[in-house]
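Listed here are the chains, written in short residue letters.
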Amino acid sequence: MFGATALVIALVGTRMAGLADTLADRTGFGEALVGSVLLGAGTSIAGIVTSTSTAASGAPDLAISNAVGGIAAQTMFLAIADVAYRRVNLEHAAASPVNLGQASVLIILLILPIMAWASPPIAIWSVNLLTPVLVATYLVGLHNAHRIKQEPMWLPRSTSDTRDEDEDECDDDRPIWLLAVLFAAMVGVVGLCGWLVGATGLELSQRLGISQGVVGALGTAVVTSLPELVTTIAAVRRGALQLAVGGIIGGNMFDALFVAASDVAYRDGSIYNAITERTVFWMALAILMTAVLLLGLLRRERQGPGGIGWESVLLIGLWFGGAVLQVSLG
């Protein structure tokens, strides 16, 4: 079941990236913004089902580590996509002020739960007061991204290797409503398959007797993030580079809402005060990886080790280093 559903995710995910690229061109919203909203949120459906269901079952560490572990894994996937784009460093070619703004908001979204964890439990009807703040911050971040797209106050320097989203020509003349319906149907398929992958992966991990934090961050988080990996590489191969980067960063922003949804689903008080230091470690790691990515987007190195940027090398090293450390602790 795990292998079959993963294959369906790979096939449908590739089509999702193509439709998102077409919708970006046809609607005029741009690859970075469409990537963060449509592609990012659409491929995250399986993850939010896993987090809310496990939180409702009384497993706070598994719920939150699934969310923040997914953010860390998906950021590392962007480094893998950089390997797939051989022409130049992906962060150089996909220069976009929208992606910079989204990455900055993501760091804020990840810092807020750590502050709630370190604060006294303040909850109304078992929902921490920070939860609506998280949702509001996400919505403000989306509005900010739209304003940056519409009225940018600065633009990245164009080089011979910069890939402008306006270079793409859309030859799909199907009605926008039909494209939207098709995309929604594919989101449903990916969501179901992602849930099945998460369920089977969770069952296999539970039988191995691994802790909730490790299962969430390295088990369910990775398998429910498979759509992001597939769609990102597919977008890169199509040349929709800003869509690929925006899909990861926007998807990570949406994944931060898993924490808010988990707090609502968790009925034994504030979920932020029920998690352990191991889950907070993954929050800190996700912040560190996002900061490294943000620096890479600002620095825009053309070539690094193996034809990829130094930030990609660091992202892969940080994720695997964190994984090894957590597994070694049991």
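Note on numbering: residues in each chain are counted from 1, in written sequence order. Only residues with pLDDT of at least 70 are given local features in this predicted model, and only at 80 or more are side-chain atom pairs given and counted; all residues enter the totals for whole chains, interfaces and linings. Based on all heavy atoms of the structure, the side-chain values leave hydrogens and waters out of the count.

A. Here's a closer look at the overall build of the protein chain. When its secondary structure is counted, the protein chain shows 13 helices and two strands. Sequence-distant contacts, at least 24 apart, represent 87% of the contacts inside the protein chain between residues at least 6 apart. A total of about 13500 Å² of accessible surface is found on the protein chain, and carbon and sulfur atoms cover 67% of it. Secondary structure is summarised from DSSP: a helix means a run of H or I of at least four residues, a strand means a run of E of at least two, and numbering begins at the N terminus for each. We call two residues in contact whenever any of their non-hydrogen atoms come within 4.5 Å of each other. Computed with the Shrake-Rupley method and a 1.4 Å probe, the accessible areas treat only the protein chains shown as cover for residues.

B. Quick look at the nonpolar core. Membership of the largest hydrophobic core comes to 75 residues, with the highest contact counts inside it found for L134 and W319. Sorting elements by how many residues they give to this core places helix 11 (residues 241–265) first, with 13 residues. Not counting residues up to four positions away in its chain, the partners in contact with W319 are A72, A73, M76, L218, V222, W282 and M289. Residues belong to a common nonpolar core when they are buried Ala, Val, Leu, Ile, Met, Phe, Trp, Tyr or Cys residues joined through side-chain atoms within 4.5 Å. Accessible area is worked out with a 1.4 Å probe on protein chains only. A residue is then buried under 20% of its type maximum, exposed over 50%, and partly exposed in between.

C. Structural context of the packing of helix 3 (residues 45–56) against helix 11. What counts as an axis is a line fitted to C-alpha atoms, over the stretch in contact for a helix, and the angles between N-to-C directions run from 0 to 180 degrees. Running from N to C, helix 3 and helix 11 point in directions that differ by 30 degrees, and their axes come no closer than 8 Å. Classified by the angle their axes make, helix 3 and helix 11 are roughly parallel. Helix 3 and helix 11 meet at a crossing whose hand is right-handed. Residues G47, I48, S51, T52, A55 and A56 of helix 3 lie in contact with helix 11, whose contacting residues are F258, A261, S262 and A265. For classification, angles of less than 35 degrees are called roughly parallel, those exceeding 145 degrees roughly antiparallel, those between 65 and 115 degrees roughly perpendicular, and all remaining angles oblique. Put simply, a crossing is left-handed when the front helix is turned counterclockwise from the back one by less than a right angle, and right-handed when it is turned clockwise.

D. Main features of the environment of Y138. Secondary-structure assignment places Y138 in helix 7 (residues 130–150). Residue classification places Y138 among the buried positions, given a relative accessible area of 7%. Separated by 30 residues in sequence, Y138 and I108 have C-alpha atoms that sit 9.4 Å apart. Apart from residues lying up to four places away in sequence, Y138 is in contact with L109, M253, F254 and L257.

E. Quick look at helix 3. Here helix 3 contains twelve residues, and its C-alpha end-to-end distance of 17 Å stays within 8% of the 16 Å for a straight helix at 1.5 Å per residue. Along helix 3, the residues that are buried comprise A46, G47, T50, S51, T54 and A55. Projected down its long axis, helix 3 carries its buried residues within an arc of 155 degrees, all on one side. Positioned one or two residues after helix 3, G58 has a phi angle of 85 degrees, which is positive. Expected span of a helix: the number of residues minus one, times 1.5 Å. Each direction from the helix axis to a C-beta atom contributes to the arc, which is the arc of those directions.

F. Just the pattern of salt bridges, in detail. Salt bridge, as applied in this entry: a Lys or Arg side-chain nitrogen positioned within 4 Å of an Asp or Glu carboxyl oxygen. What the rule picks out here adds up to one salt bridge. Between R147 and E151 there is a salt bridge, and its shortest N-O distance comes to 3.8 Å. Here E151 falls in the exposed class, since its relative accessible area comes to 51%.

G. Looking closely at the environment of R299. Within the secondary structure layout, R299 lies in helix 12 (residues 277–299). Its relative accessible area of 62% is what places R299 among the exposed residues. Expressed as a C-alpha distance, the spacing of R299 and E91, which sit 208 residues apart in the sequence, is 8.5 Å.

H. Local environment of the packing of helix 4 (residues 60–84) against helix 11. At a minimum axis distance of 8 Å, the contact between helix 4 and helix 11 shows a crossing angle of 175 degrees. It follows that helix 4 is roughly antiparallel to helix 11 by the angle criterion. Facing A63, I64, N66, A67, G70, I71, Q74, T75 and L78 of helix 4, the residues of helix 11 in contact are A244, V245, I248, G251, N252, D255, A256, F258, V259 and S262. Charged residues are taken to be Asp, Glu, Lys and Arg, nonpolar residues to be Ala, Val, Leu, Ile, Met, Phe, Trp, Tyr, Cys and Pro, and polar residues to be all remaining types, Gly included. Taken together, the residues of the contact of helix 4 with helix 11 break down into eleven nonpolar, seven polar and one charged.

I. View of a nonpolar patch on the surface. Like charges within 9 Å and nonpolar side chains (Val, Leu, Ile, Met, Phe, Trp, Tyr) within 5 Å are joined into patches, using only residues over 30% in relative accessible area that form no salt bridge. Judged by side-chain polarity, I122, I124, W125 and L129 come together as a nonpolar surface patch covering roughly 490 Å² of accessible area. By secondary structure assignment, the location of L129 is in the loop between strand 2 (127–128) and helix 7. Given a relative accessible area of 43%, L129 falls into the partly exposed group.

J. Looking closely at helix 12. Taking 1.5 Å of rise per residue, 23 residues should cover 33 Å, and helix 12 covers 33 Å from first to last C-alpha, within 8% of that figure. Positive backbone phi, approximately 55 degrees, marks R300, located one or two places after helix 12.

K. Fine view of the environment of F183. The topology assignment puts F183 in helix 8 (residues 176–207). Residues F183 and L23, 160 residues apart in the sequence, show an inter-C-alpha distance of 9.5 Å.

L. Inspection of unusual backbone geometry at higher detail. Despite not being glycine, W125 shows a phi value in the positive range, around 55 degrees. With respect to the helices and strands, W125 occurs in the loop between strand 1 (123–124) and strand 2. In this structure, S126 is a non-glycine residue whose phi angle is positive, near 70 degrees. Inspection of the secondary structure assignment puts S126 in the loop between strand 1 and strand 2.

Don't take any of this as a statement about function, it's just geometry.
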